[in-house]
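These are the residues of each chain, in order.
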Amino acid sequence: MDRLTVAGTIGGDVVYVSDHTAQMRADHVDGSVQHVHPNRTTYRPTAGEAFASWLVGLLYALVALGLITLAAGLLVPRQLTRVTDRLRAAPWRAALVGFVTAVAAPLALLLLLVTVIGAPVALTGLLVLLVLTLAAFPYGAFMIGRLILRGRRGPVVTALLGGAVLVVALHIPVLGVLVTVVTIVLGLGAQLLDIADARPWDRAERRTDVRGGEGIPATPGGAGRI
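Cut-offs used in this document
Residues numbered from 1 in each chain as written. Predicted model: local features only at pLDDT ≥ 70, side-chain atom pairs only at ≥ 80, totals over all residues. Heavy atoms only, no water. Helix = DSSP H or I, 4+ residues; strand = E, 2+ residues; numbered from the N terminus. Buried < 20%, exposed > 50% of the residue type's maximum accessible area, 1.4 Å probe, protein only. Contact = heavy atoms within 4.5 Å. Areas by Shrake-Rupley, 256 points an atom, 1.4 Å probe, with all protein chains shown as cover. Core = buried A, V, L, I, M, F, W, Y, C linked by side-chain atoms within 4.5 Å. Salt bridge = Lys/Arg side-chain N within 4 Å of Asp/Glu carboxyl O. Patch = residues over 30% accessible without salt bridge, like charges linked within 9 Å, V, L, I, M, F, W, Y side chains within 5 Å.

Caption draft 1: The overall build of the protein, seen in detail. A count of helical and extended segments in the protein gives 7 helices and 2 strands. When its helices and strands are written in sequence order, the protein yields β-β-α-α-α-α-α-α-α. In the protein, which comprises 226 residues, the proportion classed as buried is 28%. A fraction of 46% describes how many contacts in the protein between residues 6 or more apart in sequence connect residues 24 or more apart. Summed over its atoms, the accessible surface of the protein is roughly 15200 Å², and 66% of this surface lies on carbon and sulfur atoms.

Caption draft 2: Spatial organisation of the nonpolar core. Counting residues in each nonpolar core, the largest one holds 15 residues, and the members touching the most others are Leu-129, Leu-166, Val-167 and Leu-188. Residue contributions to this core peak at 4 residues, all from helix 4 (residues 119-149). Excluding its chain neighbours within four sequence positions, the residues that come into contact with Leu-166 are Leu-65, Phe-137, Gly-140, Ala-141, Ile-144, Val-179 and Thr-183.

Caption draft 3: View of the pattern of salt bridges. Inspection of the entire model under this criterion finds 3 salt bridges. Arg-146 is the partner of Asp-85 in a salt bridge, and the nearest nitrogen-oxygen pair spans 2.8 Å. With Asp-85 in helix 2 (residues 77-89) and Arg-146 in helix 4, this pair connects stretches of sequence that are 61 residues apart. For Asp-85, a relative accessible area of 35% corresponds to the partly exposed category.

Caption draft 4: Quick peek at a nonpolar patch on the surface. A cluster of nonpolar side chains, contributed by Leu-96, Phe-99, Val-100, Val-103 and Leu-107, occupies part of the molecular surface with about 490 Å² of accessible area. Summarising the element assignment, Leu-107 is placed in helix 3 (residues 91-113). We classify Leu-107 as exposed; its relative accessible area is 53%.

Listed below in structure tokens is the structure:
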């Protein structure tokens, strides 16, 4: 209790539980007054309970990432291969691009978010950044699988094996934090480099030029390329 008020006279003893000392006149209580402080002990799980909780989290993550990597291996195997090829060809470049993006993009989007005009752009950018960040983990899993199997298995097996290794690494104390940072940085960088190589904005400009009647240089085979 926070406050105790005695309006009359108590004919017996008074026992109260509180962090504060009650203010009462001694002649209002015929018996004794006992102040009990509340028990503030914090429950701490045992080693067995902590391990069981860690194991349940590990199994859940294995199933969740396993389903995601399985879907990616079945639906977009070429995309997985192309992005991880980019990562294998230029890991330091991917790391640099991913690090700069992970640090600078949230700050730039936050500045846009506080403005009225830039708020829609910032929200769209945040959504895109979130998608690319989450996608870094399936790409990281596939990359790990490729390094282990050295291309001797199909995309589904490669993704599942890499996903299992990645999940276990993420659940190791201290190491998990480092693995998370490395996966996000490399995954972001590899995806952005792949987008830059594809140049979807350049294709849009070419299509606009064709519709406007401008010619396109012919390829050696004699056909224009869009």
